[in-house]
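Chain residues, written in single-letter form:
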Amino acid sequence: QGDSRAQHNLGLMYTTGRGVQQDDAEAVRWFRRAAEQGVPEAQNNLAVMYARGRGVPRDDVEAVQWYRNAAEQGSPRAQHSLGQMYAAGHGVPLDMGEAVRLNRLAAEQGHRSAQNTMGLFYAAGQGVPQDYVEAHKWHDLAASGVISDTQKEYAEARDALAKGMTSAQLAE
């Protein structure tokens, strides 16, 4: 009946095989219906399907389009993913300035992977001046409230960085 949230949820069910036979092509069909109605989660999930070639041929340009639609609506997942596309030059020209801008938007909304990415950017001086204090801050935010193995990896990245920092840098 055109309910975009139900369409998105049905797409999720088809991606995981929850309650239905797992079918990526069917998931894409339902994500597209919801995405075309402006649902940012569906736009992001459709982008993921294109980026990974699940249910559709892999197409980074199409993935970027859908990530951008969701990112412009404030989706931190899409902002981070689009930032990663810019950092790698997948579907768009490599642009570290745009990669940093998008990851910062997501990081400031609490997206842990984007926070970790910001830490990596500052530690390496990629798209930003190298700054271990900023790198440590972003890794620390990513690792805060560790509840998953991924966040434990973020804490390890923070702690490894701290070993090369001065006590003044750590205090800052």
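What counts, and at which threshold
Per chain, residues are indexed from 1 in the order of the written sequence. Given that this is a predicted model, residues contribute local features only at a pLDDT of at least 70 and side-chain atom pairs are listed and counted only at 80 or more, while totals for whole chains, interfaces and linings are drawn from all residues. The side-chain numbers reported here are obtained from all heavy atoms of the structure, hydrogens and water having been left aside. Helix and strand assignments come from DSSP, with helices taken as H or I runs of at least 4 residues and strands as E runs of at least 2, each series counted from the N terminus. Each residue gets one of three labels from its accessible area relative to the maximum for its type: buried under 20%, exposed over 50%, partly exposed in between, using a 1.4 Å probe on protein chains only. Note on contacts: a residue pair qualifies if any of its non-hydrogen atoms lie within 4.5 Å across the two residues. All accessible-area figures derive from a Shrake-Rupley calculation using a 1.4 Å probe, and residue coverage is judged against the displayed protein chains alone. In this tally, Asp and Glu contribute negative charge and Lys and Arg positive charge; neither His nor the terminal groups of the chain are included. By convention, the point assigned to a charge is CZ for Arg, NZ for Lys, CD for Glu and CG for Asp. One less than the residue count of a helix, multiplied by 1.5 Å, gives the span that helix is expected to have. The term polar contact refers here to a pair of N or O atoms within 3.5 Å; inside protein, the definition further demands a hydrogen-donor-capable atom paired with an acceptor-capable atom, and it admits residues adjacent in sequence only when both atoms are side-chain atoms. Angles shown run from 0 to 180 degrees and are taken between the N-to-C directions of axes, each axis being a line fitted to C-alpha atoms and, for helices, limited to the stretch in contact. Two helices cross in a left-handed way if the nearer one is turned anticlockwise from the farther one by less than a right angle. They cross in a right-handed way if the turn is clockwise. Each residue receives one of three labels: charged for Asp, Glu, Lys and Arg, nonpolar for Ala, Val, Leu, Ile, Met, Phe, Trp, Tyr, Cys and Pro, and polar for the others, Gly being one of them. As used here, the term nonpolar core means buried Ala, Val, Leu, Ile, Met, Phe, Trp, Tyr and Cys residues forming a set that is joined through side-chain atoms within 4.5 Å.

So, about the overall build of the chain. In terms of regular secondary structure, the chain is built from 10 helices and 0 strands. When the helices and strands of the chain are read in sequence order from the N terminus, they spell out α-α-α-α-α-α-α-α-α-α. Its C-alpha atoms give the chain principal-axis dimensions of roughly 60 × 35 × 25 Å. Burial status across the chain gives 44% buried among its 172 residues. Long-range pairs, those at least 24 residues apart, make up 43% of the contacts in the chain with a sequence separation of at least 6. Summing over all exposed atoms, the chain offers an accessible surface of approximately 8,900 Å²; the carbon and sulfur share of this is 48%. Of note, the chain has its 17 positive side-chain charges centred 4 Å away from the centre of its 21 negative side-chain charges.

Now for helix 2 (residues 24-35). Here helix 2 spans 16 Å end to end across 12 residues, near enough to the 16 Å set by a 1.5 Å rise per residue. Buried residues of helix 2: Asp 24, Glu 26, Ala 27, Val 28, Trp 30, Phe 31, Ala 34 and Ala 35, and no others. In this fold, the buried residues of helix 2 make contact with helix 1 (4-16), helix 3 (40-52) and helix 4 (60-72). Its side-chain oxygen at 3.1 Å from the backbone nitrogen of Ala 25, Asp 23 defines the N-terminal cap of helix 2.

A word on the environment of Asn 69. Assignment of secondary structure puts Asn 69 in helix 4. Under the relative-accessibility criterion, Asn 69 is labelled partly exposed at 25%. Distance from Asn 69 to Ala 34, taken between C-alpha atoms, is 13 Å for residues 35 residues apart in sequence.

As a further point, take helix 6 (residues 96-108). The end-to-end C-alpha separation of helix 6 is 18 Å, in line with the 18 Å expected for 13 residues at 1.5 Å each. When we look at burial in helix 6, the residues that qualify are Met 96, Ala 99, Val 100, Leu 102, Asn 103, Ala 106 and Ala 107. For helix 6, the secondary structure elements touched by its buried residues are helix 5 (76-88), helix 7 (112-124) and helix 8 (132-143). The N-cap residue of helix 6 is Asp 95: its side-chain oxygen and the backbone nitrogen of Gly 97 are 3.1 Å apart.

It is worth spelling out the packing of helix 2 against helix 3 at this point. The N-to-C vectors of helix 2 and helix 3 enclose an angle of 145°; their axes lie 8 Å apart at closest approach. Considering the relative orientation of helix 2 and helix 3, their crossing is left-handed. Residues Asp 24, Ala 27, Val 28, Phe 31, Arg 32, Ala 34 and Ala 35 of helix 2 touch helix 3, and the partners they reach there are Ala 42, Gln 43, Asn 45, Leu 46, Met 49 and Tyr 50. Grouping the amino acids of the contact of helix 2 with helix 3 by side-chain chemistry returns 9 nonpolar, 2 polar and 2 charged.

What follows is about the side chain of Asp 24. Checked against the element boundaries, Asp 24 lands in helix 2. Of note is the side chain of Asp 24, whose polar atom sits 2.6 Å from the side chain of Gln 22. In this structure Asp 24 touches Thr 15, Met 49, Arg 54 and Gly 55, once residues within four positions along its chain are discounted.

Right, let's talk about the nonpolar core for a bit. Within the largest apolar cluster, 44 residues are counted, with the highest numbers of intra-cluster contacts made by Leu 46, Tyr 67, Leu 82, Met 118 and Phe 121. Mapped by element, the contributors of at least two residues to this core are helix 2, helix 3, helix 4, helix 5, helix 6, helix 7 and helix 8. Of all the elements, helix 3 adds the most residues to this core, at 7 residues. Excluding residues within four positions of it along the chain, Met 118 makes contact with Val 100, Asn 103, Arg 104, Ala 107 and Trp 138.

This part covers the side chain of His 80. Within the element layout of this structure, His 80 appears in helix 5. If near-sequence neighbours (up to four positions away) are discounted, His 80 is found in contact with Asn 103, Ala 106, His 111, Ser 113, Ala 114 and Thr 117.

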